[in-house]
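Chain by chain, the residues:
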Amino acid sequence: MAQVYAEIALSNVGMVYKTEGSDVTALTGVTFDIQKGEFISLLGPSGCGKTTLLRIIAGLLENTDGTAIVTPTQARQAGEMGMVFQSAVLYDWRTVLKNVMLPMEIKGLSRDEQKTVARKMLDLVGLSSFENSYPYELSGGMQQRVSIARALATSPNILLMDEPFSALDEFTREKLHDDLLEICHKKHMTVVFVTHNISESVYLSDRVVVMSPHPGRVSAVVDIDLPYPRTPELRETPEYYEYITKIRSSFKEG
């Protein structure tokens, strides 16, 4: 059996925003580990600190209390983390191919290597025939596929996703769930996925970290023991609904 180790370790993480009137505590006492290759969802209502915690993991924010350790420690600087936001954040004046090439341009890879990797990533997300299209010519779901391809272009070990499917219709969202799981398992990536959708978190995750607000804290961690590969039929099973009910109950208890 392959060795499993904590790739992300959070210990008593807290975040206090300093404001003119008074300090605002966004997170307090957040403690849990994320193992290599795990798919973890951060689930909770607006204002519970999910995005703040994701940005701390990404190194975009510095926590004011506790420790947030990402292994290897240089992962944030070495391009070993990819990030996908709620909106695709693509550049309209760049083609799909050139949008995916962007992080490799920043890293200084050769033009030929950029194109080779970008085309491989577009093939992975099923958009090879759209490499010369512009973002405004694509549907919302296709734009998010491009965003995922761009995040994967530097072969990250860790993929951070901030409600990437929340603006999509249900049919597109469910299709992207399956595509995302296939890609992540193929590449054995560690994924931290922010959502406020209970059923989405159950379908995608190995574990769901339930967060409560005022201030943001972990109220429960639920192991999702459902078989892989996850399939649309899973959504009709009693086991799937049991997890949804269990998580919904944890909000009432928290």
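Our structure is the block above this text.
Small disclaimer: the values here were computed from a predicted structure and weren't measured.

Is there a simple way to explain the overall build of the protein chain in this structure?
Looking only at helices and strands, the protein chain features seven helices and nine strands. In terms of overall dimensions, the protein chain is globule-like: its C-alpha atoms have a radius of gyration of 18 Å, near the 18 Å expected for 254 residues. Counting only C-alpha atoms, the protein chain reaches 50 × 45 × 45 Å along its principal axes. Within the protein chain, buried positions represent 48% of all 254 residues. Put simply, the protein chain shows about 12,400 Å² of open surface, and 50% of that area lies on carbon and sulfur atoms. For the protein chain, the distance from the average site of its 25 positive side-chain charges to the average site of its 32 negative ones is 4 Å.

What should I look at first to understand the packing of aromatic side chains in this one?
Ring pairs (aromatic) are described by centroid distance and by the angle formed between their planes. Per the counting criterion, the structure on display carries five aromatic pairs. Relative to Y136, the ring of Y134 lies with its centre 6.0 Å away and its plane at 15°, an arrangement referred to as stacked. The exposure class of Y136 is exposed, given its relative accessible area of 59%. Consider the rings of Y240 and Y241, whose centres lie 5.7 Å apart with planes at 75°: the pair is edge-to-face. Linked through ring pairs, F39, F165 and F193 together constitute an aromatic cluster. Against the face of Y228 rests R230, its NZ or CZ located 4.0 Å from the ring centre.

How should the pattern of salt bridges be read in this particular structure?
For side chains bearing opposite charge, pairing can occur when the charged atoms are close. Summed over the entire model, instances satisfying the criterion amount to eight salt bridges. E105 is the salt-bridge partner of R94, the closest N and O atoms lying 2.4 Å from each other. Taken together, the residues R94 in the loop between β5 (81-84) and α2 (96-107) and E105 in helix α2 connect sequence positions eleven residues apart. Of the residues examined, R94 reaches a relative accessible area of 14% and is grouped as buried.

Would you mind showing me how to read empty space enclosed by the protein here?
Following the criterion strictly, the structure yields one cavity of 30 Å³ or more and no others. Taken as a whole, the largest cavity spans an internal volume of roughly 50 Å³. In this structure, the largest cavity is lined by V125, R145, I148, L176, D179, L180 and I183. The greatest single-element share of the lining of the largest cavity, amounting to four residues, is contributed by helix α5 (residues 170-187). Of the residues belonging to the lining of the largest cavity, the class tally is five nonpolar, no polar and two charged.

I tried to follow the packing of α2 against helix α3 (residues 111-124) on my own but got confused; where do I start?
When two helices pack together, their arrangement is given by the angle between the helix axes and the distance between those axes. Axis separation between α2 and α3 bottoms out at 9 Å; the angle between their running directions is 120°. When the axes of α2 and α3 are compared, the pair comes out oblique. When the axes of α2 and α3 are compared, the crossing they make is right-handed. On α3, the residues that touch V96, L97, K98, V100, M101, M104 and E105 of α2 are R111, Q114, K115, V117, A118, R119, M121 and L122.

I'm lost on α2 in this one. Help?
One turn of an α-helix holds 3.6 residues; hence residues three or four places apart share an orientation. Along α2, the residues that are buried comprise V96, L97, N99, V100, M101, L102, P103 and M104. Each element contacted by the buried residues of α2 is listed here: α3 and α4 (140-152). Where α2 ends, the next residue or the one after it, G108, has phi of about 85°, a positive value.

Parameters and conventions
Residues numbered from 1 in each chain as written. Predicted model: local features only at pLDDT ≥ 70, side-chain atom pairs only at ≥ 80, totals over all residues. Heavy atoms only, no water. Helix = DSSP H or I, 4+ residues; strand = E, 2+ residues; numbered from the N terminus. Rg over C-alpha atoms; globule rule 2.2 N^0.38 Å. Buried < 20%, exposed > 50% of the residue type's maximum accessible area, 1.4 Å probe, protein only. Areas by Shrake-Rupley, 256 points an atom, 1.4 Å probe, with all protein chains shown as cover. Lys, Arg positive; Asp, Glu negative; His and termini not counted. Charge placed at Lys NZ, Arg CZ, Asp CG, Glu CD. Phe/Tyr/Trp six-rings, centres within 6.5 Å; stacked < 30°, edge-to-face > 60°. Lys NZ or Arg CZ within 6 Å of the ring centre and 35° of its normal. Salt bridge = Lys/Arg side-chain N within 4 Å of Asp/Glu carboxyl O. 1 Å grid on protein atoms, 1.4 Å probe; cavity = no way out; pocket = protein on both sides within 12 Å on 5 of 7 lines; lining within 4 Å. Points joined across faces, edges and corners; volume = space filled by probe spheres on them. Nonpolar A, V, L, I, M, F, W, Y, C, P; charged D, E, K, R; others polar. Axes fitted to C-alpha atoms, helices over the stretch in contact; angles between N-to-C directions. Parallel < 35°, antiparallel > 145°, perpendicular 65-115°, else oblique. Left-handed = near helix turned anticlockwise from the far one by under 90°. Contact = heavy atoms within 4.5 Å.

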